[in-house]
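# Understanding the architecture of this molecule
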Amino acid sequence: MKSNVMLSPSLLSADFSNLAGAVGTIKENSGSLVHIDVMDGHFVPQVTYGQPVIASVRKCTDLPFDVHLMVEHPESSISSYIDAGADWITFHIEATCHADRCVQIIHERGKKAGIALCPATPVSAIETLLPFVDLVLVMTVNPGWGGQKLIPYTVEKVRKLADIKRKEGFDYKISVDGGINSSTLPSVIDAGTDIVVSGSSFFKGELKWE
């Protein structure tokens, strides 16, 4: 494994009755970030947690919060998630027609801006924003729930983003989210992943991170 690849375990697969314990487990097991999936019941079917829960968990750890907004019209709520303790905010290109404004809002607040792609969304949908974002999140499963299997063709998007990054000299990190376990981990790292999001496999102890 590349020593510069970061692990960002997802609280979506943690025990919601003990989120303080979950963030402690993340820190004890080499997590560099805490991935927080926010779902609104519209962009994706499920609802998870909002700003009050994030603010409460913020008191339990000094690890950076990597907040993944799976919500419609993220431009209306980005600031409130930053107020709650987010360090990185990642929104979906499919959820807003104001993507550039979202990036501006995040940067104006001094935080890192990420943009996410659902499996069927091509890299071309975000190419104009690549010079300005800090992170690109490639969904390697369909967003909305944990425990899914990685969709193989999504790994090629990681490879394409890594090629663009290298050729153009961009600075964004490439993150993958969904179906990451000890079997699929080598393929996404080989493709150029910088940040690995893992939920079920991490909390079940099935992800071997060394």
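Data block above holds the structure.
Now for a look at the structure at hand. (Residues numbered from 1 in each chain as written. Predicted model: local features only at pLDDT ≥ 70, side-chain atom pairs only at ≥ 80, totals over all residues. Heavy atoms only, no water.)

## What to know about the pattern of salt bridges
Enumeration according to the criterion identifies 8 salt bridges in this entry. When the shortest N-O distance is used, the salt bridge between K27 and D62 registers 2.7 Å. Here K27, found in helix α1 (residues 19-28), pairs with D62, found in the loop between α2 (51-58) and β3 (65-70); they are 35 residues apart in sequence, far enough to count as distant. (Salt bridge = Lys/Arg side-chain N within 4 Å of Asp/Glu carboxyl O. Helix = DSSP H or I, 4+ residues; strand = E, 2+ residues; numbered from the N terminus.)

## As for the nonpolar core
Judged by nonpolar contacts, the single largest core of 60 residues is most densely connected at L11, I36, I89, I115 and V136. Excluding residues within four positions of it along the chain, I36 makes contact with L11, Y49, I54, F65, D66, V67 and H68. Judged by nonpolar contacts, the second largest core, of 8 residues, contains L33, L135, M139 and I195. (Core = buried A, V, L, I, M, F, W, Y, C linked by side-chain atoms within 4.5 Å. Buried < 20%, exposed > 50% of the residue type's maximum accessible area, 1.4 Å probe, protein only. Contact = heavy atoms within 4.5 Å.)

## A closer look at the environment of E127
By the element assignment, E127 lies in the loop between β5 (112-117) and β6 (135-139). By relative accessible area, E127 is classed as partly exposed at 37%.

## Points about unusual backbone geometry
The backbone of S30 shows a phi angle near 70 degrees, a positive value even though the residue is not glycine. The exposure class assigned to S30 is partly exposed, which follows from its relative accessible area of 44%.

## Brief notes about α1
All buried positions along α1 are accounted for by L19, A22, V23 and I26. Each buried residue of α1 lies within a common arc of 95 degrees when the element is viewed along its axis, so the set occupies one face. Phi for S30, located one or two positions after α1, is positive at around 70 degrees. (Arc of directions from axis to C-beta.)

## A few points about the pairing of β6
Two faces, one strand: in a regular strand the side chains alternate between the faces of the sheet. The buried fraction of β6 is high, at 5 of 5 residues. Every second residue of β6 is oriented toward a common face, with L135, L137 and M139 on one face and V136 and V138 on the other, all of them buried.

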